[in-house]
Amino acid sequence: KKEPKRTLTPNEQDKLSGDMRELYDRLLPSQESEDRRARLIEKLDRILNEEWPDSDIHVNVFGSSGNLLSSTDSDVDICITTPLKKLESMHSLAALLDKNGMEKVVCRAAAKVPIVKCWDPELELAMDLNVNNPLALQNTRMIRTYVQLDDRVRPLAKIIKYWTKRRILNDAAFGGTISSYTWICMIISFLQRREPPILPSLQKMDGHRRKSESGETSSFADDVESLKGSGAANKESLGELLFQFFRHYGYEFEYSKHVVSIREGRLVLRKEKGWDPTDYGDKESHNRLCVEEPFTTVRNLGNSADYYAWHGIHLEIRRAFELLEDGLQLERCCEQYEFP
Ligand code: ATP
Ligand code: MG
């Protein structure tokens, strides 16, 4: 088989970047959908605080509604913070939502992160709610900071997320694939490892930290104003970056040796993390995706895809690359996957 093409010509880059800009404009959530999201938060705040007054209940958004990577049809991820312990069991929360007209209320109290899922028929939004999960708020804030550092991150990440949705590659819970969050970590890590880098490691970087209202210093560099533009020495176009993203994870990245780590901002060896394939004792673990959760570093976000699922995703990455290599076919690349 022929060598995968190394790079795009300037003309090809212009064409692909232009097609990406056009697609990106269509993917941005409408003002109307942003307004509905904001109204949902106000509504939940009112429902909860009327039911349990003086319980210091706060309704926070996380996930794509908080990291600048949502689309009109994304569901809303909500984290309720409160000292009221009985809310953590999730059942009283589910009952309250049901009483207030929410539909399809499902309570997953026994999940790793217990959640309630429901649908608001008035605002036409689906939501996932959890209680007191500060990790999710923290990693969402860090993703948002990365997205704000360079103007190329948001369009690139939104287009890759769109591709993963259309090819059905982003459902960790049911599809046995990997979550949007895992894909986002792969994108950020890729941008940290361009030459020169487009993004730094915010967790490794000294200074540039702000203090929160409660006086705590952030665990990662979060002062966007002073950090913006640090990747400007890299002049790669959007089109070139999309092409190189698929090339990198399709052909260059050595899954049997390497770990994606945005905390380190460089390739980490599976051996140094103790995630060496031999430690698992099976041949199948050799070609698996390893992505370190940036705050809970013992967690491998790639775990949700088993060997067979990962193999399928890897083939999809190569398919995307080949369609761009052969005539910059962005539309076909993102064509809806149809089950045979
Ligand atoms: P989408 O628009 O597809 O819903 P998303 O940005 O909301 O994308 P999800 O995969 O739904 O991404 O994850 C939502 C949030 O949940 C993430 O931003 C992250 O804060 C948190 N999260 C998800 N999976 C994990 C995990 N394995 N460990 C820690 N936090 C996680
Ligand atoms: Mg989400």
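So, here's what we can say about the structure.

With that out of the way, let us pick up the site of ligand 1. As a structural note, the neighbourhood of ligand 1 is formed by 20 residues, with Ser-64, Asn-139, Lys-161, Ser-180 and Arg-299 the closest of them. Contacts to ligand 1 include Lys-161, whose side-chain N or O atom sits 2.8 Å from an oxygen atom. Between Tyr-181 and ligand 1, the recorded distance is 3.2 Å, taken from a backbone N or O atom to an oxygen atom. Here ligand 1 loses 80% of its free accessible area of 610 Å² to cover by the protein chains. At the level of secondary structure, the elements contributing two or more residues to the shell around ligand 1 comprise helix H4 (134–149), helix H5 (153–166) and helix H6 (180–192). The element best represented in the shell around ligand 1 is H4, accounting for 4 residues. In the shell around ligand 1, the residues fall into 6 nonpolar, 8 polar and 6 charged. When residues of the shell around ligand 1 are sorted by domain, at least three fall in each of domain 1 (10–27 + 137–333) and domain 2 (31–133).

A word on the nonpolar core. In terms of nonpolar packing, the biggest core is built from 63 residues, with Trp-163 and Phe-246 touching the most fellow members. Put simply, the parts of the chain that give this core at least two residues each are helix H1 (10–27), H4, H5, H6, helix H8 (238–252), helix H11 (307–325) and helix H12 (330–333). When residues of this core are assigned to their parent elements, the largest contribution, 9 residues, is made by H6. In this structure, Leu-40, Ile-80, Val-116 and Leu-125 belong to the second largest nonpolar core, which totals 25 residues.

Let's shift gears to the sheet that holds strand S1 (residues 58–62). Taken together, 5 strands build an open sheet; the order of strands is S1-S2-S5-S4-S3 and the sheet is mixed. In this open sheet, the two edge strands, each paired with only one partner strand, are S1 and strand S3 (103–108). Going across the sheet, the axis of each strand differs from the next one's by a mean of 25°, ignoring polarity. Pairing of strand S2 (residues 76–81) with strand S5 (residues 125–131) involves 5 bridges; the strand directions are parallel. Bridged to Val-76 within S5 is Met-127. Against the sheet, H4 engages S1 and S2, with an angle of about 45° to S1.

Let us look at the pattern of salt bridges. Applying the stated criterion to the full structure yields 22 salt bridges. A salt bridge links Glu-335 to Arg-319, with the nearest nitrogen and oxygen atoms 3.8 Å apart. With a gap of 16 residues between them, Glu-335 in the segment after H12 and Arg-319 in helix H11 connect regions that are remote in the sequence. Exposure remark for Glu-335: the relative accessible area of 37% places this residue in the partly exposed category. Residues joined in a network through salt bridges with shared partners are Arg-39, Lys-43, Asp-120 and Glu-122.

Turning our attention to the side chain of Asp-276. Of note, Asp-276 is situated in the loop between helix H9 (270–273) and helix H10 (277–280). No salt bridge is formed by the buried Asp-276; its nearest oppositely charged neighbour, Lys-271, is found at 5.3 Å. Among all residues touching Asp-276, those that are not within four sequence positions of it are Arg-270 and Lys-271.

We now examine the side chain of Ser-218. Along the chain, Ser-218 turns up in the loop between H6 and helix H7 (224–227). In terms of polar contacts, Ser-218 uses its side chain to reach the side chain of Arg-141, at 3.0 Å. Side-chain polar atoms of Ser-218 contact the backbone oxygen of Phe-220, separated by 2.7 Å. Look past the residues within four positions of Ser-218 in its chain and what remains in contact with it is Arg-141, Arg-209 and Arg-210.

In this section: the environment of Asp-45. In this fold, Asp-45 is placed in helix H2 (residues 31–51). Using a relative accessible area of 30% as the deciding quantity, one classes Asp-45 as partly exposed. On a C-alpha basis, the gap between Asp-45 and Arg-167 in space is 36 Å, while along the polypeptide they are 122 residues apart.

Looking now at the layout of surface pockets. Its volume calculated, the largest pocket comes out at about 1,800 Å³. Lining of the largest pocket is provided by 44 residues; of these, Asp-77, Asp-128, Ala-172, Ala-173 and Ser-179 occupy positions nearest its centre. Those elements that place two or more of their residues in the lining of the largest pocket are strand S4 (115–120), S5, H4, H5 and H6. Split into classes, the residues belonging to the lining of the largest pocket amount to 17 nonpolar, 15 polar and 12 charged. For the lining of the largest pocket, the two domains that each supply at least three residues are domain 1 (10–27 + 137–333) and domain 2 (31–133). Put simply, the second largest pocket is a space of about 580 Å³. Contributing to the lining of the second largest pocket are 19 residues, with Arg-141, Lys-211, Ser-212, Glu-213 and Ser-214 lying nearest its centre. Ranked by residues supplied to the lining of the second largest pocket, first place goes to H4 with 5 residues. Per-class residue counts for the lining of the second largest pocket are 2 nonpolar, 8 polar and 9 charged.

How each quantity is defined
- Residues numbered from 1 in each chain as written.
- Chains lettered and ligands numbered in written order.
- Predicted model: local features only at pLDDT ≥ 70, side-chain atom pairs only at ≥ 80, totals over all residues.
- Heavy atoms only, no water.
- Near = heavy atom within 4 Å.
- Polar contact = N/O pair within 3.5 Å; in protein donor to acceptor, adjacent residues only side chain to side chain.
- Areas by Shrake-Rupley, 256 points an atom, 1.4 Å probe, with all protein chains shown as cover.
- Helix = DSSP H or I, 4+ residues; strand = E, 2+ residues; numbered from the N terminus.
- Nonpolar A, V, L, I, M, F, W, Y, C, P; charged D, E, K, R; others polar.
- Domains from an automatic or database assignment.
- Core = buried A, V, L, I, M, F, W, Y, C linked by side-chain atoms within 4.5 Å.
- Buried < 20%, exposed > 50% of the residue type's maximum accessible area, 1.4 Å probe, protein only.
- Pairing = 2+ DSSP bridges.
- Axes fitted to C-alpha atoms, helices over the stretch in contact; angles between N-to-C directions.
- Contact = heavy atoms within 4.5 Å.
- Salt bridge = Lys/Arg side-chain N within 4 Å of Asp/Glu carboxyl O.
- Lys, Arg positive; Asp, Glu negative; His and termini not counted.
- 1 Å grid on protein atoms, 1.4 Å probe; cavity = no way out; pocket = protein on both sides within 12 Å on 5 of 7 lines; lining within 4 Å.
- Points joined across faces, edges and corners; volume = space filled by probe spheres on them.

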